[in-house]
Amino acid sequence: ITSLNFYINQDGYASIKVYNMMGQIVDVLLEQELSKGSHSLVWDASFLPSGIYFIKAKSSSNMATQKVTLLK
């Protein structure tokens, strides 16, 4: 379990998804309208095996991808 902190620079739709190395979506952490400002959420990855994953965050004006390593 880990927490993710992020900032949205304008009100609008936001999406945060987790992908495996093959580009498949393995978890959807967020898909909803959010207000401008700082937000946080918790990712419980206990159902996933150890490995490399990519967390992709999209909002109406930005997109970011973070590579993470899950160790159990």
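Because the structure is a prediction, the values reported are computed rather than measured.

What counts, and at which threshold
- Residues numbered from 1 in each chain as written.
- Predicted model: local features only at pLDDT ≥ 70, side-chain atom pairs only at ≥ 80, totals over all residues.
- Heavy atoms only, no water.
- Buried < 20%, exposed > 50% of the residue type's maximum accessible area, 1.4 Å probe, protein only.
- Helix = DSSP H or I, 4+ residues; strand = E, 2+ residues; numbered from the N terminus.
- Pairing = 2+ DSSP bridges.
- Salt bridge = Lys/Arg side-chain N within 4 Å of Asp/Glu carboxyl O.

1. What to know about the pairing of strand 2 (residues 12–19)
Counting buried positions along strand 2 gives seven out of eight residues, so the element sits mostly inside the fold. Pairing analysis gives eight bridges linking strand 2 to strand 3 (residues 25–34), with the strands arranged antiparallel. Within strand 3, the residue paired with Tyr13 across the bridge is Glu33. Following strand 2, the chain reverses through five residues before pairing antiparallel with strand 3; Gly23 in that reversal takes a positive phi of roughly 85 degrees.

2. Focus: the pattern of salt bridges
In total, this model carries one salt bridge according to the counting rule given. As a salt-bridge pair, Glu31 and Lys17 come within 3.3 Å of each other at their nearest N and O atoms. Taken together, the residues span a long stretch of sequence, with Glu31 in strand 3 and Lys17 in strand 2 at a distance of 14 residues. Using a relative accessible area of 19% as the deciding quantity, one classes Lys17 as buried.

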